[in-house]
Amino acid sequence: MKQMSAKEIAKYQSSIESRRKIVMNGVESVCKGFSTALFVWGPGGLGKSHVLRECLEGMNGAAWRHHTAHSTPKALFLALLNDPTAIHLYEDCEKILKTDLSASILRAACGAPDQRERLITYETNSESLKVKFTGGIIFATNENLSRTNGPMQAVASRFRPIKWDMTLEERIACILTIAKKDCVRNGVVISSKEAIRVA
């Protein structure tokens, strides 16, 4: 692999930062109530979740909840019931995107005709729950929600999709930038010199 100059690294980092600003604008739009939902997708391991968490933490006054790995349709509804004004970030919860019930809950949570109240109901023979949801929903996954078949197709139009990806050169520039800082994990120090040698 050929060496990358500081000028090249800066160019590729600038390109990544431009796309990061697009994601930040999407998150800000959900936090301020201009849009109800955001969907960020792309290959794993490129920092989608890190960028989203960083954006949410940086938004003043943005109360948000982080859901990871697994969530059932009822857990989805209860999360929205318990925090109806919060921004809910779902990360690596692909299974929830594959059920009709989840799709119904998300359709109600993410939009209503003519800007009416977003009222979500959950009714069974033993319970009847409802909530007026005014918060937002953000999904981060590896799959493109708008290109999948199944129950989520009808929901996809209510999400603003943003692809997060990097070219090979951008990935290298990112690794080299990270390697310029000392790293401490569990008391073990890796100097920037060692990290750059490994990179």
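Quick caveat: nothing in here was measured; it's all calculated off a predicted structure.

A. Layout of the side chain of Glu 170. Relative to the helices and strands, Glu 170 resides in helix H6 (residues 168-179). What makes Glu 170 buried here is its relative accessible area of 5%. When near neighbours in sequence (up to four residues on either side) are disregarded, Glu 170 contacts Tyr 12, Ser 15, Ile 16, Arg 19 and Asp 165.

B. View of the layout of surface pockets. A volume near 620 Å³ is recorded for the largest pocket. Gln 13, His 50, Met 166, Cys 174 and Ile 178 are, among the 23 residues lining the largest pocket, the residues nearest its centre. At 6 residues, H6 tops the list of elements feeding residues into the lining of the largest pocket. Its residues assigned to classes, the lining of the largest pocket comprises 11 nonpolar, 5 polar and 7 charged.

C. Quick look at the pattern of salt bridges. This structure, assessed with the given rule, holds 9 salt bridges. Between Glu 91 and Arg 53 there is a salt bridge, with its nearest N and O atoms 3.3 Å apart. Here the residue Glu 91 occupies a position in strand S3 (residues 87-91), and Arg 53 occupies one in helix H2 (residues 48-58), the gap between them amounting to 38 residues. Through salt bridges that share partners, Glu 17, Arg 20 and Glu 54 make up one connected network.

D. Molecular detail of the packing of helix H1 (residues 6-31) against H6. Closest axis-to-axis distance for the H1/H6 pair is 9 Å, and the angle between their directions is 105°. Classified by the interaxial angle, the pair formed by H1 and H6 is roughly perpendicular. Taking contact as the criterion, the partners of Ile 9, Tyr 12, Gln 13, Ser 15, Ile 16 and Arg 19 in H1 are, on H6, Glu 169, Glu 170, Ala 173, Cys 174, Leu 176 and Thr 177. The class makeup of the residues in the contact of H1 with H6 is 6 nonpolar, 3 polar and 3 charged.

The rules we used
- Residues numbered from 1 in each chain as written.
- Predicted model: local features only at pLDDT ≥ 70, side-chain atom pairs only at ≥ 80, totals over all residues.
- Heavy atoms only, no water.
- Helix = DSSP H or I, 4+ residues; strand = E, 2+ residues; numbered from the N terminus.
- Buried < 20%, exposed > 50% of the residue type's maximum accessible area, 1.4 Å probe, protein only.
- Contact = heavy atoms within 4.5 Å.
- 1 Å grid on protein atoms, 1.4 Å probe; cavity = no way out; pocket = protein on both sides within 12 Å on 5 of 7 lines; lining within 4 Å.
- Points joined across faces, edges and corners; volume = space filled by probe spheres on them.
- Nonpolar A, V, L, I, M, F, W, Y, C, P; charged D, E, K, R; others polar.
- Salt bridge = Lys/Arg side-chain N within 4 Å of Asp/Glu carboxyl O.
- Axes fitted to C-alpha atoms, helices over the stretch in contact; angles between N-to-C directions.
- Parallel < 35°, antiparallel > 145°, perpendicular 65-115°, else oblique.

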